[in-house]
Amino acid sequence: MTIPETFFVGVEQLNTQQFYACHDTLEALWFEAMEPEKSLYQGILQIAVGCYHLGNHNLKGATILVGEGLRRLRQTEEVDYAGFDITDFIHQGEILLGRLQHLTANEILPFLEELQEQNRFPCLKLI
């Protein structure tokens, strides 16, 4: 299987917290892809959009999108893709979702600052 070069661009955008750009990059791949890559790309981009919503203090949007992204990723059988650890990415997303589900509106900004300072947004790591 040939991995599209733009996938690596999307991963770099995700890992550098360029969440909206990541969405645009992976969406273009998602439209053209077949399963299981289609669900994989969509799951990753939904988590990126969830992080984008969080950055805009949209807790409901963040929670929904991270949850939907995780659901899609869990449906794929990919443990790794292009050398990236999908299982670890799912785990990071689950931790984020758990935190989002228990945040109040007053806790969004401190939580966001914590994620940014500690660079703890979900990211794709090489195996």
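Rules used in this analysis
Residues numbered from 1 in each chain as written. Predicted model: local features only at pLDDT ≥ 70, side-chain atom pairs only at ≥ 80, totals over all residues. Heavy atoms only, no water. Phe/Tyr/Trp six-rings, centres within 6.5 Å; stacked < 30°, edge-to-face > 60°. Helix = DSSP H or I, 4+ residues; strand = E, 2+ residues; numbered from the N terminus. Axes fitted to C-alpha atoms, helices over the stretch in contact; angles between N-to-C directions. Parallel < 35°, antiparallel > 145°, perpendicular 65-115°, else oblique. Left-handed = near helix turned anticlockwise from the far one by under 90°. Contact = heavy atoms within 4.5 Å. Nonpolar A, V, L, I, M, F, W, Y, C, P; charged D, E, K, R; others polar. Expected span 1.5 Å × (residues − 1).

Draft legend 1. Structural detail: the packing of aromatic side chains. In total, this model carries nine aromatic pairs according to the counting rule given. With 6.0 Å between their ring centres and 70 degrees between their planes, Phe7 and Phe84 make a pair best called edge-to-face. Of this pair, Phe7 sits in helix H1 (residues 5-15) while Phe84 sits in strand S2 (residues 84-85); the two residues are 77 residues apart in sequence, bridging distant segments of the chain. An aromatic cluster of three or more residues is present, and its members are Phe7, Phe8, Tyr41, Tyr81 and Phe84.

Draft legend 2. Spotlight on the packing of helix H5 (residues 86-100) against helix H6 (residues 108-117). With their axes 12 Å apart at the nearest point, H5 and H6 run at an angle of 160 degrees to one another. Judged on the interaxial angle alone, H6 and H5 are roughly antiparallel. Read as a crossing pair, H5 and H6 show a hand that is right-handed. In this structure, H5 uses Leu96, Arg99 and Leu100 to contact H6, whose residues at the interface are Phe111, Glu114 and Leu115. Grouping the amino acids of the contact of H5 with H6 by side-chain chemistry returns four nonpolar, no polar and two charged.

Draft legend 3. A look at helix H3 (residues 37-55). The terminal C-alpha atoms of H3, which comprises 19 residues, lie 27 Å apart, in line with the 27 Å expected from a rise of 1.5 Å per residue. After H3 finishes, the residue His57 shows a positive phi value of roughly 65 degrees.

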